[in-house]
Amino acid sequence: MASTAITESTLQAALTERLKATHVEVTDMSGGCGQSFTTLIVSPEFAGKNSLKRHRLVNAALKDEIAQIHAWSAKCQTPEEWAKEKAATGGNDGPPLDGTTGGKVDGVAQ
């Protein structure tokens, strides 16, 4: 893969296509430089797989993209798990933003 800019939208498109994801949220936590992302990925491909196997599936699908960024985290759910969590949280079920301030890594210029 040629070195292209990694953005929220390019990652979202890749995950949707490669994992048959029904819902994808991608947050660039690096202040726009494209070096740190967190995601929520909802895909039927995760059914019957434990957390480790789900993450390995995502990492394989985004092998080239992940090689170009500094930090990556993913929350992987089946459509059923997502619907259950969404109902329980009132819709506040986005990607993990631990260690951030307003979804951005502390100390990164905006």
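If you're wondering where the values come from, they're calculated on a predicted model, not measured in any experiment.

What counts and how
- Each chain has its residues counted from 1, following the order in which its sequence is written.
- Local features in this predicted model are restricted to residues of pLDDT 70 or higher, and side-chain atom pairs are both shown and tallied only at a pLDDT of 80 or more, whereas totals for entire chains, interfaces and linings draw on every residue.
- For side-chain calculations, the full set of non-hydrogen atoms in the structure is used, while hydrogens and water are omitted.
- A carboxyl oxygen of Asp or Glu within 4 Å of a side-chain nitrogen of Lys or Arg is what we treat as a salt bridge.
- By the criteria applied, helices consist of DSSP H or I runs no shorter than four residues and strands consist of E runs no shorter than two, each listed in order from the N terminus.
- Throughout, exposure labels follow a simple rule: accessible area from a 1.4 Å probe, protein chains only, divided by the maximum for the residue type, with under 20% read as buried, over 50% as exposed, and the rest as partly exposed.
- Only buried Ala, Val, Leu, Ile, Met, Phe, Trp, Tyr and Cys residues count toward a nonpolar core, and they belong to the same one when joined by side-chain atoms within 4.5 Å.
- The criterion used for residue contact is that any of the two residues' heavy atoms lie within 4.5 Å.

In total, this model carries four salt bridges according to the counting rule given. Taking the shortest distance from any N to any O, the salt bridge between Arg18 and Glu65 comes out at 3.0 Å. With a gap of 47 residues between them, Arg18 in helix α1 (residues 8–18) and Glu65 in helix α3 (residues 63–67) connect regions that are remote in the sequence. A residue is classified by how much of its surface remains accessible, and Arg18, at 41% relative accessible area, is partly exposed. Residue Glu65 is classed as buried on the basis of its relative accessible area of 6%.

Membership of the largest hydrophobic core comes to 17 residues, with the highest contact counts inside it found for Leu15, Leu19, Ile41 and Val58. Elements with a contribution of two residues or more to this core: α1, β1 (23–28), β2 (36–42), α2 (51–61) and β3 (71–77). Here the element with the most residues in this core is α1; it accounts for three residues. Excluding anything up to four places from it in sequence, Val58 contacts Leu15, Leu19, Ile41, Phe46, Trp72 and Cys76.

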